[in-house]
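Spelled out from the first residue to the last, the chains are:
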Amino acid sequence: MSERAVELLNLPEGLSGITLEENGHFWVGADISPAMLDVAIDREFDNGDVILNDLGEGLPFRPGCFDGAISVSALQWLCNADKKSHNPVQRLKKLFTTLYSCLSRGSRAVFQFYPENDKQIELIIAQATKAGFSGGLVIDYPNSAKAKKVFLVLSTGGINQTLPKGLTG
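By the naming in an unreviewed UniProt entry, the protein goes by Methyltransferase type 11 domain-containing protein and is assigned to Anisodus tanguticus.

What follows is the structure in structure tokens.
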């Protein structure tokens, strides 16, 4: 799924299903779970770093410092109110406004996620749009119960804002 998300980023170097590290790109991974970060650290990467971060509290990066962003299976968790202080609308707003800020203009963000229902999709897209993003859903294998994957492909504007086509088979 990470390779498909990277492909959907449409990075200028023409990446197509090849991991960021294999192409010499520097990356930063964020996770709310220290255990998941430990797994990443154990893999001894050369061109990356990790930070402990709750996406619902926003991203702590300088404006315009990233050429793209991917997320696999994290977005849907922001729609839950796991704590009394968690408000899904506010958590999504914080993520998307800070993400929009830290992405360079003309870049993309790709979120693979498992939506619970259409209402959840509408909530996510509404908050992304309010933050300034354009884009929409790309659905791979829409007729398959097992292979179906939903991607939210967002753009900060620029030249290539056309949504990629979903995979079929």
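> Lay out the overall build of the protein in plain terms, naming residues and giving numbers.
Within the protein, the secondary structure is distributed over 4 helices and 6 strands. Starting at the N terminus, the α and β elements of the protein follow one another as α-β-α-β-β-α-β-α-β-β. By the compact-globule yardstick of 15 Å for 169 residues, the protein fits well, its C-alpha radius of gyration being 15 Å. For the C-alpha atoms alone, the extent of the protein along its principal axes is close to 40 × 35 × 35 Å. The buried share among the 169 residues of the protein stands at 38%.

> Describe the environment of L8, listing the residues and the values that go with them.
On the secondary structure map, L8 appears in helix α1 (residues 2–9). In this structure L8 comes out as buried when scored by relative accessible area, which is 1%. Between the C-alpha atom of L8 and that of V89, which follows or precedes it by 81 residues, the distance is 26 Å. In contact with L8, other than residues within four places in its own chain, are R108, V110, V138, F151, V153 and P164.

> Residue-level account of helix α3 (residues 88–102), with values.
For α3, spanning 15 residues, the distance from its first C-alpha to its last is 21 Å, which sits close to the expected 21 Å at 1.5 Å a residue. By the burial criterion, the buried members of α3 are P88, R91, L92, L95, F96, T98, L99, Y100 and C102. Contacts made by the buried residues of α3 are with β3 (66–72), β4 (103–113), α4 (118–130) and β6 (149–155). Residue N87 occupies the N-cap position of α3, its side-chain oxygen lying 2.9 Å from the main-chain nitrogen of V89.

Analysis parameters
Residues numbered from 1 in each chain as written. Predicted model: local features only at pLDDT ≥ 70, side-chain atom pairs only at ≥ 80, totals over all residues. Heavy atoms only, no water. Helix = DSSP H or I, 4+ residues; strand = E, 2+ residues; numbered from the N terminus. Rg over C-alpha atoms; globule rule 2.2 N^0.38 Å. Buried < 20%, exposed > 50% of the residue type's maximum accessible area, 1.4 Å probe, protein only. Contact = heavy atoms within 4.5 Å. Expected span 1.5 Å × (residues − 1). Polar contact = N/O pair within 3.5 Å; in protein donor to acceptor, adjacent residues only side chain to side chain.

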